[in-house]
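# Tertiary structure, described
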Number of protein chains: 2
Amino acid sequence: MTSLARLSLNQKTTNRWTVSEAVDGCMRAGLPAIGLWRDPVHETGVAATARMVADSGLRVSSLCRGGFLTGADSTQRGRALDDNRRAVDEAAALGTNSLVMVVGGLPQGSRDLRGARGRVADGIGVLAPYAQERGVRLALEPMHPIYCADRGVLCTLGQALDLAERFPVEQVGVVVDSFHVWWDPDVLGQIARAAGRICSFQVSDWITPLPLDALLSRGMMGDGHIDFAVLRRAVDAAGYRGDIEVEIFNADVWAADPDEVVATLVRRYVAHVLRD
Amino acid sequence: MTSLARLSLNQKTTNRWTVSEAVDGCMRAGLPAIGLWRDPVHETGVAATARMVADSGLRVSSLCRGGFLTGADSTQRGRALDDNRRAVDEAAALGTNSLVMVVGGLPQGSRDLRGARGRVADGIGVLAPYAQERGVRLALEPMHPIYCADRGVLCTLGQALDLAERFPVEQVGVVVDSFHVWWDPDVLGQIARAAGRICSFQVSDWITPLPLDALLSRGMMGDGHIDFAVLRRAVDAAGYRGDIEVEIFNADVWAADPDEVVATLVRRYVAHVLRD
């Protein structure tokens, strides 16, 4: 097993590449896996993408993303459920069993966090059996509290596990994303608790000063404050043997030459994530 | 008791006012209390400030701030302890028993979060008896995880209480600041746990999109996503009877006429914090 045997390029990291370009980029760099996003997959077409990754031999480590289940009225929630069923179908067609769920924030004008969290649980309850029937697991992504209001009302790994554990392990799991969880005083204990539920391990760094756009605030591993090896060892100890996705939302990274970005992330992955 | 009987102006909210102007502004608006910051107090002088607030009849609800105990070497930590002892002395001189502690982030280049948290505990252990002898309680402020790297490695109320509970209740307590804790799925349980340890209750809102400068990202109550009444009722139920400080770091608020800011915060306090 080479050192890159579990390294996956989440295609958001090379945001300007099409699916085809990202697949080729992974092959050139010797990466065995790719994490796909629905928007670029739709541009290429789901069937065409499925053929392309099958022909390449790459694993699809995850599909991003379903979720946004917190809509205030039943029409919105019904539309969200329909869209999530399509996302499950796409994950199955693409050959990945992990659909990353960004659960959604507070609806416009609402301050009812408890209610929004309740609607997430309801939506997951509807979708989980549908996903299982198609061989897909819903991967709940706890998000950094910076996104609680507008993106993800699941804020900690513990909270995500509280929800996931209401369902069979084949139906609902969790994402461990370094950027979202590194600060949590209980993160190592919760990673241990997540044994059997970890669908995806994603890495990017927390950098300061925080970039101006909160959505583009992630850094290349090694540029910030996160001790990746501590988290990677905990995820290993919890029995996770799947891919490790590098997912970086950052305007500077997106502006750079994508092949150079991939070369850099390979070096940084070895130096910072695999480090003993 | 009027509706404003517990309302305190944290002077950061009217950042361009001197201590004297802020004291006068509180008197004009009928506020009974003020939260002071060390820098403007030093500009006026500690003794002069103490006389001014005593003459005004205002309570000093807290002094901000001590802390920054995570320095990498013993020289830095020794300097920080000396500065914290001066902060305790100043709190005593100003007649407040709450010294707000912003504990500090990771030292430059360090990724050792556990080590930094350990140094915070060590520093609090040194300072707590010194503070108690002077009638001052160290008020640990858990900060929003957005500040974990560069400002405060205590990220949740639960984590702050884990540390506070190592000390007598007269020595170490906690700050409940809505901006820092509102997202926490366990916040209500932890506020209940904090009974007897709550030194200060501070309010400002979480607004989106997040303002560009993460340090100036707080909003006026009602402009954002926080349900203040839920938190205020929990703090009441925990037996806290002290002042409620409005502390807003925001460039737009700082640019506005301070008297108008105070008038607005009085209205918003009644509408959003005191709301049944």
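Here the residue numbers are simple positions, counted from 1 along each chain's written sequence. To read the labels, note that chains go from A and ligands from 1, taken in the order they are written. Only residues with pLDDT of 70 or above have their local features reported here, since the model is predicted, and side-chain atom pairs are shown and tallied only from 80 upward, although totals for entire chains, interfaces and linings are computed over all residues.

### A short note on the overall build of chain A
Keep this limit in mind: Runs of H or I in DSSP of at least four residues are treated as helices and runs of E of at least two as strands, each being numbered from the N terminus. As a reference, a globule follows 2.2 Å times the number of residues to the power 0.38, and the radius of gyration itself is taken over C-alpha atoms. Field definition: a residue is buried when 20 or more other C-beta atoms are found within 10 Å of its C-beta, exposed when 12 or fewer are, and partly exposed for counts in between, with C-beta atoms placed from the backbone.
Of the regular secondary structure elements, chain A holds eleven helices and ten strands. By the compact-globule yardstick of 19 Å for 276 residues, chain A fits well, its C-alpha radius of gyration being 17 Å. Oriented by its inertia axes, the alpha-carbon framework of chain A measures out at about 45 × 40 × 35 Å. Within chain A, the fraction of its 276 residues that count as buried is 53%.

### Observations regarding the packing of helix H1 (residues 19-29) of chain B against helix H3 (residues 46-56) of chain B
All names here are of chain B. The test is simple: Only the stretch in contact is used when fitting a helix axis, every axis being a line fitted to C-alpha atoms; angles between N-to-C directions are given from 0 to 180 degrees. With respect to orientation, any angle under 35 degrees is reported as roughly parallel, any angle over 145 as roughly antiparallel, any angle of 65 to 115 as roughly perpendicular, and every other angle as oblique. By definition, residue pairs are in contact when their C-beta atoms, positioned from the backbone, come within 7 Å. The nonpolar class holds Ala, Val, Leu, Ile, Met, Phe, Trp, Tyr, Cys and Pro. Asp, Glu, Lys and Arg form the charged class, and all remaining residues, Gly among them, are polar.
H3 packs onto H1 with a crossing angle of 10 degrees between their chain directions and a minimal axis gap of 10 Å. When the axes of H1 and H3 are compared, the pair comes out roughly parallel. Facing Val 19, Ser 20, Val 23 and Met 27 of H1, the residues of H3 in contact are Thr 49, Met 52, Val 53 and Ser 56. Class assignment for the residues of the contact of H1 with H3 results in five nonpolar, three polar and no charged.

### Some thoughts on the sheet that holds strand S6 (residues 172-177) of chain B
Residues and elements named next belong to chain B. Selection rule: Criterion used throughout: strands pair if DSSP finds at least two bridges between them.
Spatially, the eight strands close up into a barrel ordered S1-S2-S3-S4-S5-S6-S7-S10, and their pairing is parallel. Here the average twist between neighbouring strands, direction ignored, is 30 degrees. The pairing of strand S5 (residues 137-140) with S6 spans three bridges and is parallel. Paired with Leu 138 across the bridge in S6 is Val 172.

### Overview of the pairing of strand S5 (residues 137-140) of chain A
Residue and element names in this part refer to chain A. What counts is decided by this rule: Look down the strands so they point away from you; if going from the first strand over the helix to the second traces a clockwise path, that crossover is right-handed.
Neither face of S5 is left uncovered, since the one carrying Arg 137 and Ala 139 and the one carrying Leu 138 and Leu 140 both have all their residues buried. Summarising the sheet, strand S4 (residues 98-102) and S5 pair through four bridges and their orientation is parallel. Across the sheet, residue Ser 98 finds its bridge partner in S5, namely Arg 137. You can see the chain leave S5, run along helix H6 (residues 157-164) and come back into strand S6 (residues 172-177), and the turn it takes is right-handed.

### Points about the confidence of the model for chain A
Operational definition: The predictor attaches a confidence to each residue, called pLDDT, with possible values from 0 through 100.
Considering every residue of chain A, the mean pLDDT works out to 97; 100% of them sit at 70 or more. In the predicted assembly, ipTM is 0.95 and pTM is 0.96.

### Regarding helix H4 (residues 74-94) of chain B
Residues and elements named next belong to chain B. The cut-off we apply is this: Take the residue count of a helix, subtract one, and multiply by 1.5 Å to get its expected span. Our arc is simply the arc of the directions from the helix axis toward the C-beta atoms.
Here H4 contains 21 residues, and its C-alpha end-to-end distance of 30 Å stays within 8% of the 30 Å for a straight helix at 1.5 Å per residue. Of all the residues in H4, the buried ones are Ala 80, Asn 84, Ala 87, Val 88, Glu 90, Ala 91 and Leu 94. Projected onto a plane normal to the axis of H4, the buried residues spread over an arc of 160 degrees and lie on a single side. More than 90 degrees from the buried face of H4, the exposed residues found are Ser 74, Thr 75, Gly 78, Arg 79 and Asp 82. Summarising the contacts, the buried residues of H4 are in contact with strand S2 (33-37), helix H2 (38-44), H3, strand S3 (59-67), strand S4 (98-102) and helix H5 (113-133). Looking one or two residues beyond H4, the residue adopting positive phi is Gly 95, at roughly 80 degrees.

### Side note on the interface of chain B and chain A
Contacts between the two partners involve 21 residues from chain B and, on the opposite side, 21 residues from chain A. Its residues assigned to classes, the side of chain B that touches chain A comprises 13 nonpolar, five polar and three charged.

### Regarding unusual backbone geometry
The omega angle of the peptide bond from Cys 64 of chain A to Arg 65 of chain A is 0 degrees, so this bond is cis rather than trans. As for its position among the elements, Arg 65 of chain A is in strand S3 (residues 59-67). Thr 208 of chain B connects to Pro 209 of chain B through a cis peptide bond whose omega is -10 degrees. For Phe 68 of chain A, which is not glycine, the phi torsion reads 50 degrees and is therefore positive. Within the secondary structure layout, Phe 68 of chain A lies in the loop between S3 and helix H4 (74-94).

### Some details on the relation of the copies chain B and chain A
Where we set the bar: Alignment of the copies relies on least squares applied to C-alpha atoms, considering only residues that score at least 70 for pLDDT in both.
For these two chains of identical sequence, chain B goes onto chain A by a turn of 180 degrees and a shift of 0.0 Å along the axis, with RMSD 0.0 Å. Here the symmetry operator amounts to a two-fold rotation axis. Minimal C-alpha separation from the rotation axis in chain B is found for Leu 212 of chain B, amounting to 2.5 Å. A share of 100% of interface residues in chain B that are also interface residues in chain A marks the association as one of identical surfaces.

### Some thoughts on the packing of helix H3 (residues 46-56) of chain A against H4 of chain A
All names here are of chain A. Look at H3 against H4: their axes get within 9 Å of each other, and the N-to-C directions meet at 30 degrees. Compared by their axis directions, H3 and H4 come out roughly parallel. Here Val 46, Thr 49, Ala 50 and Val 53 of H3 come into contact with H4, specifically with Glu 90, Ala 93 and Leu 94. Considering only residue class, the contact of H3 with H4 consists of five nonpolar, one polar and one charged.

### Topic: the sheet that holds strand S7 (residues 198-203) of chain A
Through backbone hydrogen bonds, the strands of a sheet pair up, either in parallel or in antiparallel fashion. Residues and elements named next belong to chain A. Pairing within the closed barrel is parallel, and its eight strands lie in the order S1-S2-S3-S4-S5-S6-S7-S10. Pairs of neighbouring strands in the sheet enclose a mean axial angle of 30 degrees, with direction left out of account. As defined by bridge partners, strand S1 (residues 7-10) adjoins strand S10 (residues 244-246) across three bridges and the pair is classed as parallel. Within S10, the position partnered with Ser 8 by the bridge is Glu 245.

### Things to note about the nonpolar core
Here is the rule we go by: Note on definitions: a nonpolar core is a set of buried residues drawn from Ala, Val, Leu, Ile, Met, Phe, Trp, Tyr and Cys, linked by C-beta atoms within 7 Å.
Leu 99, Leu 140 and Val 174 of chain A together with Leu 99, Leu 140 and Val 174 of chain B are the most contacted members of the largest nonpolar core, which totals 178 residues. Once residues lying within four places of it in the same chain are set aside, the contact partners of Leu 140 of chain A are Met 101, Val 103, Leu 154, Ala 160, Leu 163, Ala 164, Val 172, Val 174 and Val 175 of chain A.

### Considering helix H9 (residues 228-237) of chain B
Residues and elements named next belong to chain B. Along H9, the residues that are buried comprise Phe 228, Leu 231, Arg 232 and Val 235. Each buried residue of H9 lies within a common arc of 100 degrees when the element is viewed along its axis, so the set occupies one face. Buried residues in H9 make contact with S6, helix H7 (178-181), helix H8 (187-193), strand S7 (198-203) and helix H11 (258-273). Within two residues after H9, Gly 239 carries a phi angle of roughly 90 degrees, on the positive side.

### Focus: the environment of Arg 16 of chain B
All names here are of chain B. Examined against the element boundaries, Arg 16 turns out to sit in the loop between strand S1 (7-10) and H1. Under the C-beta neighbour-count criterion, Arg 16 is labelled exposed, with 12 such atoms within 10 Å. It is 9.6 Å that separates the C-alpha atoms of Arg 16 and Pro 40, two residues lying 24 residues apart in sequence. Each residue touching Arg 16, except ones within four places of it in the same chain, is listed here: Trp 254 and Pro 258.

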